[in-house]
Amino acid sequence: MSDLTPDAALDQHLRHALATLPPRAPDAVAPDPGEPIRAGSGLTGAMALALYDAQIGNRALDLEARALRATGRGFYTIGSSGHEANAAVAAALRPSDPALLHYRSGAFYLARAAQVPGSTGLHDVLRGLVSSVEEPIAGGRHKVFGRHELAVIPQTSTIASQLPRAVGVAFAIDRARKLGVGSAWPADAIAVTSFGDASANHSTAVGAINAACQVSYQGLPMPVLFVCEDNGIGISVSTPQGWIEAAYSNRPALKYFTADGDDIAACFDAACAAADYVRSRRAPAFLHLRVVRFMAHAGTDAEISYRSPAAISADYDRDPLLGTARLLVSAGLLTPAEALAQYDARCVEVHEIAELVSVEPQLGSVEAVVAPLAPRRPDWVAAGAARAALPDERATAFGGKLPEHGEPLTLADSINRALADALAAYPNAIAFGEDVGRKGGVYGVTRGLARRFGAGRVFDTLLDEQSILGVALGSAVSGLLPIPEIQYLAYLHNAEDQLRGEAASLQFFSNGQYRNPMVVRVAGLAYQKGFGGHFHNDNAVGVLRDIPGIVVAVPSRGDDAAAMLRSCLAAADIDGTVSVFLEPIALYHTRDLYEPGDGEWLSPYVAPELWTSAHAAIGRGRTYGSGRDITLATFGNGVLMSLRVARRLADVGVGARVLDLRWLAPLPVEDLLHEAAATDRVLVVDETRASGGVSEGVITALVEAGYTGRLARVAATDSFIPLGDAANHVLLSEAAIEKAALELFGT
Ligand SMILES: Cc1ncc(C[n+]2csc(CCOP(=O)(O)OP(=O)(O)O)c2C)c(N)n1
Ligand SMILES: [Mg+2]
């Protein structure tokens, strides 16, 4: 092994190997670039030349990435060298087929860019490396393959996290057509997603591929092409020999294709066969490309510490650029000197572009960084929240029984009616999750909706929260308005990255060019009587409150729930907002507030004519009472407890008002400060945990705003919730609230 750097060694080997390729016999017949480059292949000479162009472009970019890093101007050195067979996948697809790419799919990106006139693939990637604001997808926020005009949706660095969305995109292509609503993709498009061999073992990938197969197994359309770029290793850990083939060649409802990455004609043929299969059958396929990884995992990775020099240099012979050049030379379409000259010229060109883009500005301020994170146009949302279906459509949706003419409703029933109104008002809305369809939800919240709106719009999913959110992510980026349901808050956690890493970050990492509007309904919080244990009474929301940009809604009563749901849907529609609509399970069927039978927690359903005045703006609370002595700032179950405590405080001459925060993100700071100033005493009543709970944010907001009155909080114990009555030891009680409130009047 020489003492050259990995990039120099690779470059040197390729140059020498190109220059010394066996030349074609001088008397051979002049080639026709329109003919197959090899008998039996669909790849023409002209196409092979174009793919070689993408492949050398990719290699030149990877070498330049190292040079930019070495001079402190570049910030990313994970390359695609050795994987350049993926250019053939782009060639087998249409540039309008939505693509969610592996971080080593650089040649795919260049090949796709070459299909779209006016594209600047080399510039795009270089701008990503130097985090230029001119970079076309993330605008300097990330180095990622993506461009709206190329239907390449940007990805995060979380390996395989794009697969659930890819499945959702595939689902949405055909579902949008079936529903007759607009879609971001042509009706016969297919989704493609690529990933590495180690990533193929990740539960996210395994779950997404399983979901695609399970959907297809039922005979439903699932046009997704999974492309595994198998270089045999994940950073330093070898994938067992033959594992990818063993794991994926025999799956039900998954057609398997494979090719060697240094044979571009074979890769193209396999990719075409796979793409044709997916497109014509609307069914999933798995394309296994056997590739090599050059220059280690990244610039910082000393491959020599875990691979032998012999193994590293043996891979050089499988260089895909060499394979393509060999084919082109043997077909008479290039001489060895021309193959080398093209590579050389591309390296020079890339370096020249790098010099230009490396002086472009990077993001220059907090405002510039966060601008696309979560745009908010509250006035438009207020107008949108009044959107209702036409009266006759509503009448049909409600089977002639309009809810505003019926009895006052519980929280669960109000949400049910508001969902029906949403499905009627937004033809692109879909509602789904475990038990959402036929059963109508574990708590009956979606009861009757599948029957009224059809299984195309309200449906059961398989039991995998990651896939449920994946369907939402993919549907949303395709133009649908998904309302997924997560059955219990505790079960959001095993799918959380789909919300945190994918949903919340898409507008940020695409500079607002892609959005995934959605309202994720989650049944949660504690106090379920007779049905217990931690997992059905999870009272932790810290994990939601710190996700930048998302809205977290917690309605405590029916009329608020309906209004807040309308706001979340309008924000999704107008601003692309991602909302979590956290429904307190224990309040679903609560009817009474003070006494059994008082019916004080039921609310009439508000008719559409009054939705403007009933608007619940995101980040605005609701105040009960006008007591001047103390504010009980709370939400969820805490609202009822606080109202009851307020009544008892009145009995002892203390005037309390109760502020239902309603929105845990963004918090209604303005309302909070107003009530605090009016009472000069604030007790934060927080049913979530003392650590990481809501009260931390509420108290911080008060302190930062300069509030100087009395202040205290009560919160649940930092514990998981035990079964049965033992739960009451750790949950917040009315007695604790009352005691803490009275203590604020002591000296
Ligand atoms: C969920 C997650 N865990 C760990 C990592 C760190 N990581 C980045 S790449 C990688 C290896 C991926 O290997 P493979 O899927 O084979 O892709 P390759 O780099 O070989 O193309 C790991 C562990 C990550 N990005 N995401
Ligand atoms: Mg790998």
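That block above? That's the structure.
The structure displayed is predicted, hence computed values, not measured ones.

Novice: Tell me about the environment of Asp32, and please be specific about residues and values.
Specialist: Its location among the elements puts Asp32 in the loop between helix H1 (6–19) and helix H2 (45–70). With a relative accessible area of 45%, Asp32 lands in the partly exposed category. Each C-alpha atom, one on Asp32 and one on Gly45, is 7.2 Å from the other, the two residues being 13 residues apart in sequence. Among the polar contacts listed, one links the side chain of Asp32 to the backbone nitrogen of Gly34, at a separation of 2.8 Å.

Novice: Describe the site of ligand 1, naming the residues involved and giving the relevant values.
Specialist: Near ligand 1 you find 17 residues, and of these His102, Tyr103, Ser157, Ser199 and Ile233 are the closest. With respect to ligand 1, the side chain of His102 contributes an N or O atom lying 2.8 Å from an oxygen atom. A distance of 2.8 Å separates an oxygen atom of ligand 1 from a polar side-chain atom of Arg104. Each residue belonging to the shell around ligand 1 can be placed in one class, and the counts come to five nonpolar, ten polar and two charged.

Novice: Pulling in residues and values, what's your account of unusual backbone geometry?
Specialist: A cis amide bond, omega -10°, links Ala665 with the succeeding residue Pro666. Looking at the secondary structure, you find Pro666 in the loop between strand S18 (663–665) and helix H24 (669–679). In the Ramachandran plot, Arg282 falls in the positive-phi region, its phi being about 55° despite a non-glycine side chain. Along the chain, Arg282 turns up in the loop between helix H9 (264–281) and strand S8 (285–290). Even without being glycine, Asp680 reaches a positive phi, approximately 65°. Turning to its location among the elements, Asp680 is positioned in the loop between H24 and strand S19 (681–689).

Novice: Provide a residue-level description of the coordination of the magnesium ion (ligand 2), including the pertinent values.
Specialist: At this site the magnesium ion (ligand 2) is bound by Asp197 (OD), Asn231 (OD1) and Ile233 (O), with donor distances of 2.0 to 2.1 Å. Each donor residue of the magnesium ion (ligand 2) lies on the same chain, and together they follow the pattern D-x33-N-x1-I. Here the residue Asp197 occupies a position in the loop between strand S3 (191–196) and helix H7 (203–217), and Asn231 occupies one in the loop between strand S4 (224–230) and strand S5 (233–234), the gap between them amounting to 34 residues.

Novice: Can you break down the packing of aromatic side chains residue by residue, with the values?
Specialist: The final tally for this structure, using the stated rule, is 14 aromatic pairs. With 5.6 Å between their ring centres and 45° between their planes, Phe171 and Phe459 make a pair best called tilted. Of the two residues, Phe171 sits in helix H6 (residues 162–179) while Phe459 sits in strand S10 (residues 458–460), which places them 288 residues apart along the sequence. We note that Phe171, like Phe459, is buried. With a centroid separation of 4.5 Å and 10° between ring planes, the pair formed by Tyr248 and Phe286 is classed as stacked. One end of the pair, Tyr248, is in helix H8 (residues 243–248); the other, Phe286, is in strand S8, with 38 residues separating them in the sequence. Each member of the pair Tyr248 and Phe286 is classed as buried. Among the aromatic residues, those joined into a ring-pair cluster are Phe195, Phe226, Tyr248, Tyr256 and Phe286. The ring of Phe508 carries the charged tip of Arg141 above its face, separated from the ring centre by 5.5 Å. The lysine or arginine in question, Lys143, covers the ring of Phe145, its NZ or CZ lying 3.9 Å from the ring centre.

Novice: I'd like a rundown of helix H27 (residues 734–743), residues and numbers included.
Specialist: Where H27 is concerned, the buried positions are Glu734, Ile737, Ala740 and Ala741. Down the axis of H27, the smallest arc covering the buried residues is 130°, so these residues share one side. Exposed positions of H27 whose direction lies more than 90 degrees from the buried face are Ala735 and Lys739. The inward-facing, buried residues of H27 abut strand S16 (630–634), helix H23 (637–651), S19 and strand S20 (710–716).

Novice: I'd like to hear about the sheet that holds strand S12 (residues 518–524), residue by residue, with values.
Specialist: Spatially, S10-S9-S11-S12-S14-S13-S18 is the arrangement adopted by the seven strands of the open sheet, whose pairing is mixed. Every other strand in the sheet has two partners, leaving S10 and S18 as the edge strands with one partner each. The average undirected angle you get between the axes of adjacent strands in this sheet is 20°. Inspection of the sheet shows strand S13 (residues 551–553) paired to S18 by two bridges, in the antiparallel sense. Residue pairing for S18: Ala553 is matched across the bridge by Trp663. The sheet strands contacting helix H18 (residues 465–478) are strand S9 (429–433), strand S11 (481–486) and S12, and the helix crosses S11 at an angle near 170°.

Novice: Describe in detail the sheet that holds S8, supporting the description with residues and values.
Specialist: Whenever strands of a sheet pair, they do so through backbone hydrogen bonds, lying parallel or antiparallel. Pairing in this open sheet of six strands is parallel, and the strands run S2-S1-S3-S4-S8-S7 from one edge to the other. Two strands in the sheet have a free side with no partner beyond their single neighbour: strand S2 (152–153) and strand S7 (255–260). Bridge analysis of S7 against S8 gives six bridges, and the strand direction is parallel. Bridging across to S8, Phe257 finds its partner in Leu287. Contacts from H6 reach strand S1 (99–100), S2, S3 and S4 within the one sheet, and its direction differs from that of S3 by about 165°. Against the sheet, H7 contacts S3, S4 and S8, and its axis sits at roughly 145° relative to S4.

Novice: Lay out the environment of Ala99 in plain terms, naming residues and giving numbers.
Specialist: In this fold, Ala99 is placed in strand S1. We classify Ala99 as buried; its relative accessible area is 0%. Spatially, the C-alpha atoms of Ala99 and Leu481 are 20 Å apart, while their sequence positions differ by 382 residues. The residues touching Ala99, leaving out its near neighbours within four places in the chain, are Phe108, Arg112, Ala151, Val152, Ile153 and Val192.

Novice: Which residues make up the environment of Arg713, and what values go with them?
Specialist: As for its placement among the helices and strands, Arg713 is situated in strand S20. In this structure the C-alpha to C-alpha distance between Arg713 and Ala690, which are 23 residues apart in sequence, comes to 8.9 Å. If we ignore the near neighbours within four places in the chain, the residues touching Arg713 are Leu683, Val684, Ala690, Ser695, Glu696 and Ile699. Among the polar contacts listed, one links the side chain of Arg713 to the side chain of Ser695, at a separation of 2.9 Å.

Novice: Describe the state of the cysteines, with residues and values.
Specialist: The final tally for this structure, using the stated rule, is zero disulfides. No disulfide involves Cys228; its sulfur sits 13 Å from that of Cys267, the nearest cysteine. Classification of Cys228 by relative accessible area gives buried; the value is 0%.

Quick notes on the rules
Residues numbered from 1 in each chain as written. Chains lettered and ligands numbered in written order. Predicted model: local features only at pLDDT ≥ 70, side-chain atom pairs only at ≥ 80, totals over all residues. Heavy atoms only, no water. Helix = DSSP H or I, 4+ residues; strand = E, 2+ residues; numbered from the N terminus. Buried < 20%, exposed > 50% of the residue type's maximum accessible area, 1.4 Å probe, protein only. Polar contact = N/O pair within 3.5 Å; in protein donor to acceptor, adjacent residues only side chain to side chain. Near = heavy atom within 4 Å. Nonpolar A, V, L, I, M, F, W, Y, C, P; charged D, E, K, R; others polar. Donors = N, O, S within 2.8 Å, 3.2 Å for Na, K, Ca; no water. Phe/Tyr/Trp six-rings, centres within 6.5 Å; stacked < 30°, edge-to-face > 60°. Lys NZ or Arg CZ within 6 Å of the ring centre and 35° of its normal. Arc of directions from axis to C-beta. Contact = heavy atoms within 4.5 Å. Pairing = 2+ DSSP bridges. Axes fitted to C-alpha atoms, helices over the stretch in contact; angles between N-to-C directions. Disulfide = S-S within 2.5 Å.

Limitation: the analysis is restricted to geometry and does not speak to function.
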